[in-house]
Amino acid sequence: MRIQFLLLALFFSVIGIAQNATIYGTILDKEYENEPLPFANVTIKGTKTGTTTDENGKYSLTIKPGSYTLVIEYLGYDTKEIAFTVKANEKKFIGKDETQ
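Bear in mind that the values here come from a model prediction, so they are computed numbers and not experimental data. (Residues numbered from 1 in each chain as written. Predicted model: local features only at pLDDT ≥ 70, side-chain atom pairs only at ≥ 80, totals over all residues. Heavy atoms only, no water.)

Engineer: Help me understand the sheet that holds strand S4 (residues 50–52) in this model?
Structural biologist: In a beta sheet, neighbouring strands are held together by backbone hydrogen bonds and run either parallel or antiparallel to one another. With respect to topology, 4 strands assemble into an open sheet ordered S4-S3-S6-S7, the strand pairing being antiparallel. Among the strands making up the open sheet, the edge pair consists of S4 and strand S7 (80–86). Going from strand to strand, the sheet's axes swing by 20° on average, the running direction of each strand aside. By the bridge criterion, 4 bridges tie strand S3 (residues 41–44) to strand S6 (residues 66–73) in an arrangement that is antiparallel. Paired with Asn 41 across the strands is Glu 73, a residue of S6. (Pairing = 2+ DSSP bridges. Helix = DSSP H or I, 4+ residues; strand = E, 2+ residues; numbered from the N terminus. Axes fitted to C-alpha atoms, helices over the stretch in contact; angles between N-to-C directions.)

Listed below in structure tokens is the structure:
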């Protein structure tokens, strides 16, 4: 009985882990020769999921499959929203985005 429970728990753990998607990209400033925007806020609209870009403007987020809106904010710039959809186990590049 214990072994069956353990195998069942492991099975659902693997399924739960495998059902995520990753979005990643680079946030650039088109007005300054595509310079990266370090420490810009990148969030998923309507959730608490988010991150900041690194010193090279790169970011990465792991989310559940579905349709979302990516919100990019940077002090002194207009906020930009990008709608997208991801599937399970997909790695989607949303980047080289030129914040206005």
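Engineer: Please clarify how the packing of aromatic side chains should be interpreted in this entry.
Structural biologist: Ring pairs (aromatic) are described by centroid distance and by the angle formed between their planes. All told, the structure shown has 3 aromatic pairs when counted by the stated rule. Pairing Tyr 24 with Phe 93 gives two aromatic rings, centres 5.2 Å apart and planes at 65°, and the pair type is edge-to-face. One end of the pair, Tyr 24, is in strand S1 (residues 21–29); the other, Phe 93, is in strand S8 (residues 91–93), and 69 residues separate them in sequence. Judged by centre distance (5.2 Å) and plane angle (65°), the rings of Tyr 74 and Tyr 77 are edge-to-face. Among the residues examined, Tyr 77 registers a relative accessible area of 23% and is labelled partly exposed. (Phe/Tyr/Trp six-rings, centres within 6.5 Å; stacked < 30°, edge-to-face > 60°. Buried < 20%, exposed > 50% of the residue type's maximum accessible area, 1.4 Å probe, protein only.)

Engineer: How should unusual backbone geometry be read in this particular structure?
Structural biologist: Most peptide bonds take the trans form, and the phi angle of most residues other than glycine is negative. If you check the backbone angles, Asn 34 has positive phi at about 55° while not being a glycine. Mapping Asn 34 onto the fold places it in the loop between S1 and strand S2 (35–36).

Engineer: In this structure, what is going on with the pairing of S1? I would like to understand it.
Structural biologist: Looking along a regular strand, one sees side chains alternate from face to face of the sheet. Burial analysis of S1 places 8 of its 9 residues in the buried class, the great majority of the element. Relative to strand S5 (residues 58–63), S1 runs antiparallel, the two being bridged by 6 bridges. Residue pairing for S5: Ile 23 is matched across the bridge by Leu 61. Where S1 lies against S8, 3 bridges are found, and the strand directions are parallel. Note on S8: the bridge partner recorded for Thr 22 is Lys 91. Adjacent in sequence and paired antiparallel, S1 and S2 are bridged by 5 residues, among which Glu 33 carries a positive phi angle near 55°.

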